[in-house]
Amino acid sequence: MSYRNFLDELKKGLPSPAYLFVSSDPFLHTEAVSSVMELVPPEERDFSFHTFDLMNSGALPFEQILDVLNTVPFFAGRKFVVVGNSQKLLKKDVERLGRYLQNPSETSVLILLNVGTAKKELKDAAKGLKQIVLDIGERDIPAWVKLRASARGVGMSDGAVDYLIGTIGTDLGLLSSEIDKFALIGKQDIAKEDIEEIIESKRTYNAFALVDAIGAKDVERAFRIYKVLQETEEPYSLLGALNWQFGRSLAGAASAAGRDYYYNVFAALHKADAGIKTGSGYPMELLLLRLLGLTRQR
């Protein structure tokens with residue numbers, strides 16, 4: 001099940017007694033929990049909305065968390081119990097979970113948050129869990145941006161969405177932050193020009209300009225733009241923006257040679273990603289040199 005399935009379940013009030021929300025992006029877990037909390041009236045949340053994190057050394061033992069689930073709610077509505085980092089469940093706790101799911105509380109909803117793919121033993125033991133994968137593929141990010149903007153009361157054109165992703169990158173947290181800003185400017189429909197005014201007023205250059213400089217083999221301009229962006233962007237944000245820009249260009253490549261060029265581009269982006277993760281050398285600077293050294297063909 002996908003993120004859209006999560007939204008559908010949310011509209012129905014999360015009718016199942018237990019869910020497993022799987023995601024590799026902590027932002028999506030945070031967003032999902034915030035959405036679930038909105039199902040509970042503010043004045044009832046102290047009694048009907050509980051969160052636990054298995055990574056927290058002070059968290060309740062899992063058997064006591066199950067006791068919370070089995071306790072009758074103080075108010076008439078159902079109680080929601082969220083357990084973060086369920087991938088850390090011990091074998092004995094997975095077995096306890098399996099027994100609970102054979103006869104779950106009718107007045108509580110259990111939500112397990114799992115970072116990464118759920119382990120086989122968890123899925124096998126917890127047949128009663130409804131699993132929803134929250135992760136959003138890159139090709140689905142434009143639709144997510146529109147959906148997120150719509151939830152904030154604003155519409156965005158395709159051009160505005162493309163420009164936003166091309167400038168900010170594909171980090172959902174950063175995109176969400178920018179969308180929140182759009183909701184404050186008092187316009188129902190956001191155009192590319194509005195985004196330029198909000199985002200570009202902070203800096204002289206963006207990923208569009210950097211890609212153009214790389215395509216023109218203008219070494220001096222490319223590194224000048226990168227120096228400016230280096231002061232305003234996290235490496236992953238800039239890498240995501242470059243990946244998005246080159247990905248859109250790949251779709252329009254007409255020849256095999258042109259496609260080979262972009263495959264080499266993505267190989268270079270992958271090396272930069274690995275370099276950022278290991279913290280070795282100067283991955284972004286090396287990326288620029290590799291991209292500038294590629295022969296571009298259409």
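Everything discussed here concerns the structure shown above.
Residues numbered from 1 in each chain as written. Predicted model: local features only at pLDDT ≥ 70, side-chain atom pairs only at ≥ 80, totals over all residues. Heavy atoms only, no water.

Visitor: Which residues make up the packing of helix α14 (residues 256–278) against helix α15 (residues 283–293), and what are the values?
Guide: In the contact formed by α14 and α15, the axes pass within 9 Å of each other and the chain directions differ by 170°. Relative to α15, the element α14 is oriented roughly antiparallel. Side by side, α14 and α15 meet where V265, A268, L269, K271, A272, G275 and I276 of the first sit next to P283, M284, L287, R290 and L291 of the second. In the contact of α14 with α15, the residues fall into 9 nonpolar, 1 polar and 2 charged. (Axes fitted to C-alpha atoms, helices over the stretch in contact; angles between N-to-C directions. Helix = DSSP H or I, 4+ residues; strand = E, 2+ residues; numbered from the N terminus. Parallel < 35°, antiparallel > 145°, perpendicular 65-115°, else oblique. Contact = heavy atoms within 4.5 Å. Nonpolar A, V, L, I, M, F, W, Y, C, P; charged D, E, K, R; others polar.)

Visitor: I'd like a description of the nonpolar core, backed by residues and values.
Guide: A general feature of soluble globular proteins is that nonpolar side chains tend to end up buried together. Judged by nonpolar contacts, the single largest core of 40 residues is most densely connected at F21, I111, V145, M156, L164 and L175. Here the element with the most residues in this core is helix α8 (residues 158–168); it accounts for 6 residues. By size, the runner-up hydrophobic cluster in this structure holds 26 residues, among which are Y262, V265, A272 and L288. (Core = buried A, V, L, I, M, F, W, Y, C linked by side-chain atoms within 4.5 Å. Buried < 20%, exposed > 50% of the residue type's maximum accessible area, 1.4 Å probe, protein only.)

Visitor: Run through the packing of aromatic side chains, naming residues and quoting values.
Guide: If you walk through the whole model with that rule in mind, you get 5 aromatic pairs. Taking 6.3 Å as the distance between ring centres and 80° as the angle between the ring planes, the aromatic pair formed by F27 and W144 counts as edge-to-face. Placement of the pair is F27 in helix α2 (residues 26–37) and W144 in helix α7 (residues 141–151), with a sequence separation of 117 residues. In this structure F27 comes out as partly exposed when scored by relative accessible area, which is 21%. For the ring pair Y261 and Y262, a centre distance of 4.9 Å and an interplane angle of 75° mean the geometry is edge-to-face. Like Y261, the residue Y262 is buried in the burial classification. (Phe/Tyr/Trp six-rings, centres within 6.5 Å; stacked < 30°, edge-to-face > 60°.)

Visitor: So what's going on with helix α12 (residues 219–232)? Residues and values would help.
Guide: With 14 residues, α12 should reach 20 Å at 1.5 Å per residue; the first-to-last C-alpha distance of 20 Å fits that figure. When α12 is considered as a whole, its buried residues turn out to be A222, I225, Y226 and L229. Projection of α12 onto a plane perpendicular to its axis shows the buried side chains occupying an angular sector of 105°, all on one side. Of the exposed residues in α12, those oriented more than 90 degrees away from the buried face are E220, K227 and E231. (Expected span 1.5 Å × (residues − 1). Arc of directions from axis to C-beta.)

Visitor: Explain the pattern of salt bridges to me, using residue names and the numbers behind them.
Guide: Taken as a whole, this structure holds 12 salt bridges when the rule is applied. E38 serves as the salt-bridge partner of R45, at 3.8 Å between the closest nitrogen and oxygen. Residue class for E38 comes out exposed when judged on its relative accessible area of 56%. Across the salt bridge formed by R96 and D93, the nearest N and O atoms sit 2.7 Å from each other. Highlighted residues: R96 and D93, both in helix α5 (residues 91–102), separated by 3 residues, approximately one helical turn. A relative accessible area of 22% places R96 in the partly exposed class. Classification of D93 as buried rests on a relative accessible area of 8%. (Salt bridge = Lys/Arg side-chain N within 4 Å of Asp/Glu carboxyl O.)

Visitor: Which residues make up the packing of helix α4 (residues 62–70) against α5, and what are the values?
Guide: Axis separation between α4 and α5 bottoms out at 10 Å; the angle between their running directions is 20°. Between α4 and α5, the angle falls in the class roughly parallel. Relative to α5, the crossing made by α4 is right-handed. Residue-level inspection shows F62, E63, L66, L69 and N70 of α4 in contact with α5, the latter providing D93, R96, L97 and Y100. Residues that form the contact of α4 with α5 fall into these classes: 5 nonpolar, 1 polar and 3 charged. (Left-handed = near helix turned anticlockwise from the far one by under 90°.)

Visitor: Which residues make up the sheet that holds strand β5 (residues 130–133), and what values go with them?
Guide: Here 5 strands make up an open sheet; going across it, the order is β2-β3-β4-β1-β5 and the pairing parallel. Here the strands that pair on one side only, and so sit at the sheet edges, are β2 (49–53) and β5. Averaged over all pairs of adjacent strands, the angle between their axes in this sheet comes to 20°, without regard to strand direction. In this structure, strand β1 (residues 18–23) lies alongside strand β4 (residues 108–115), joined through 6 bridges in parallel fashion. Following the sheet pairing, V22 is matched in β4 by N114. Sheet contacts for α4: β2, β3 (79–84) and β4; angle to β3, the most-contacted strand, approximately 160°. (Pairing = 2+ DSSP bridges.)

Visitor: How would you explain the side chain of H29 if you had to name every residue and give the values?
Guide: Turning to its location among the elements, H29 is positioned in helix α2. Among the residues examined, H29 registers a relative accessible area of 8% and is labelled buried. In contact with H29, not counting residues within four places along its chain, are F21, V22, S23, L113, N114, V115 and L134.

Visitor: Mind laying out the environment of K88, listing which residues take part and the relevant values?
Guide: Structurally, K88 can be placed in the loop between β3 and α5. For the pair formed by K88 and T71, sequence separation is 17 residues and the distance between their alpha carbons is 24 Å. Every residue in contact with K88, bar those within four places of it in the chain, is listed here: L54 and M55.

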